[in-house]
Amino acid sequence: MSLRTDAASPAPAAQRVVFVAAPEVEILDLVGPLQVFARAAEMFARENSGRPPIYSVEVVSTTARRSLVANCGLRVTADKTFRELRGNIDTLLVAGGNSIERDEINPEVVRWLRKIAGRIRRVGSVCTGAMLLARAGLLDGRRATTHWNWCEVLIRRAPRAHIDPDPIFIRDENVYTSAGVTAGMDLALALVEEDHGSRLALRVARNLVLYLRRPGGQSQFSAALSLQLTDRKPLRELEAWVLDNLNKSLTVPVLAERVGMSPRNFARVFTREMKTTPAKFVERLRIEGARRRLEESQNSMETIATECGFGNVNSMRNVFQRALKIPPGQYRRHFRHAKTAQRKSTNTHR
């Protein structure tokens, strides 16, 4: 036991992060983001000996028993049932899963969630966990998202919410919703960044060997990801080359030569496999490249337009306006505003 004088300030309590899991929970919705918070706490503790922990993480079941079976067959033992949960909560996240998707959650759980939400700093969901938030009325009047395959269902279950199927996660005031499975880890990293800065979040991402810490506005419908669906290896490998050469002339003859096909045959095969033309696909990759640079770099519009192969700012602006219904300058300001709001929220709650 440590001793302190009466004049000393009490050590700040760890931020309590609670995950709500229902029977047939999607295991990655639960353990993926949970591991982000746990690893952040571990890394902070190792490098800040003697300082109090930054997170305590626990799992709460929606049933009368702590034990439940995930949809993959793995048995999970929660720390508590929802009836046993007491004390202050900083962040509560609902993991998605089959029983939530089938709307089989006990009404008592819904009433409990609705009651405690007002006392929690941040409430959120991973994947189809948003449906439980919707049932509790926590999405009413808010923007929200979920896995793209379940957005139509969520629209029906949350008619007062604005459901956006595109982003990987959305923050609307203190309510957070995310797309499927691995997007929950992106959301958790964003919350760690809110609480303790980008340096720790980036180090956690590297430690967990996450390829990229993606911003919430990034689309679930990645052009690069869609190319990986084809069985043709030359087309899959073409994507990496295109991303490294966005500033070059990426005409059909150039792409066809890269994969060793005639231009006519390449255009025919590509359109059949990808359900879009090579030109439109290259444009999507250029938009994604520009979006990422606008979100994450301080480069000028002229530099980004050149790097991504638009030629000039006017051309990039026209493409953005047509594809995203927003000019690149406004897109960048939106993300800067969002980050400023996150920093202000972090400082307010510290």
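Structural data are supplied above this passage.
Here's a quick rundown of the structure. (Residues numbered from 1 in each chain as written. Predicted model: local features only at pLDDT ≥ 70, side-chain atom pairs only at ≥ 80, totals over all residues. Heavy atoms only, no water.)

### Some remarks on the state of the cysteines
- Throughout the structure, instances matching the rule amount to 0 disulfides.
- Of all cysteine sulfurs, the one in C151 lies closest to C127, which takes part in no disulfide; the gap is 9.5 Å.
- Residue C151 is classed as buried on the basis of its relative accessible area of 4%. (Disulfide = S-S within 2.5 Å. Buried < 20%, exposed > 50% of the residue type's maximum accessible area, 1.4 Å probe, protein only.)

### Thoughts on the environment of R39
- Residue placement: R39 occurs in helix α1 (residues 27-47).
- Along the chain, R39 and R203 lie 164 residues apart, while their C-alpha atoms are 9.8 Å from each other.
- The residues contacting R39, other than those within four sequence positions of it, are V204, N207 and L208. (Helix = DSSP H or I, 4+ residues; strand = E, 2+ residues; numbered from the N terminus. Contact = heavy atoms within 4.5 Å.)

### Things to note about the nonpolar core
- Residues L30, V36, F37, Y55, V192 and V204 are the most contacted members of the largest nonpolar core, which totals 38 residues.
- Elements that contribute at least two residues to this core include exactly β1 (15-21), α1, β2 (55-61), β6 (91-95), α6 (183-196) and α7 (198-207).
- Contact partners of V192, with chain neighbours within four places excluded, come to V36, F37, A40, Y55, G197, L200 and A201.
- One finds F82, A134, V153 and L154 within the second-largest nonpolar core, a separate group that totals 35 residues. (Core = buried A, V, L, I, M, F, W, Y, C linked by side-chain atoms within 4.5 Å.)

### Describing α6
- Taking 1.5 Å of rise per residue, the 14 residues of α6 would be expected to cover 20 Å, and the 20 Å separating its terminal C-alpha atoms lies within 8% of that figure.
- Among the 14 residues of α6, 12 are classified as buried, and the element is accordingly described as predominantly covered.
- Buried within α6 are the following residues: A183, G184, M185, D186, L187, A188, L189, A190, L191, V192, E194 and D195.
- Taken from the residues just after α6, G197 is the one with a positive phi, measuring 95 degrees. (Expected span 1.5 Å × (residues − 1).)

### So, the side chain of R332
- Within the secondary structure layout, R332 lies in helix α15 (residues 328-349).
- A polar contact is formed between the side chain of R332 and the backbone oxygen of L294, at a distance of 3.4 Å.
- The residues contacting R332, other than those within four sequence positions of it, are R293, L294, S297, Q298, N299 and I304. (Polar contact = N/O pair within 3.5 Å; in protein donor to acceptor, adjacent residues only side chain to side chain.)

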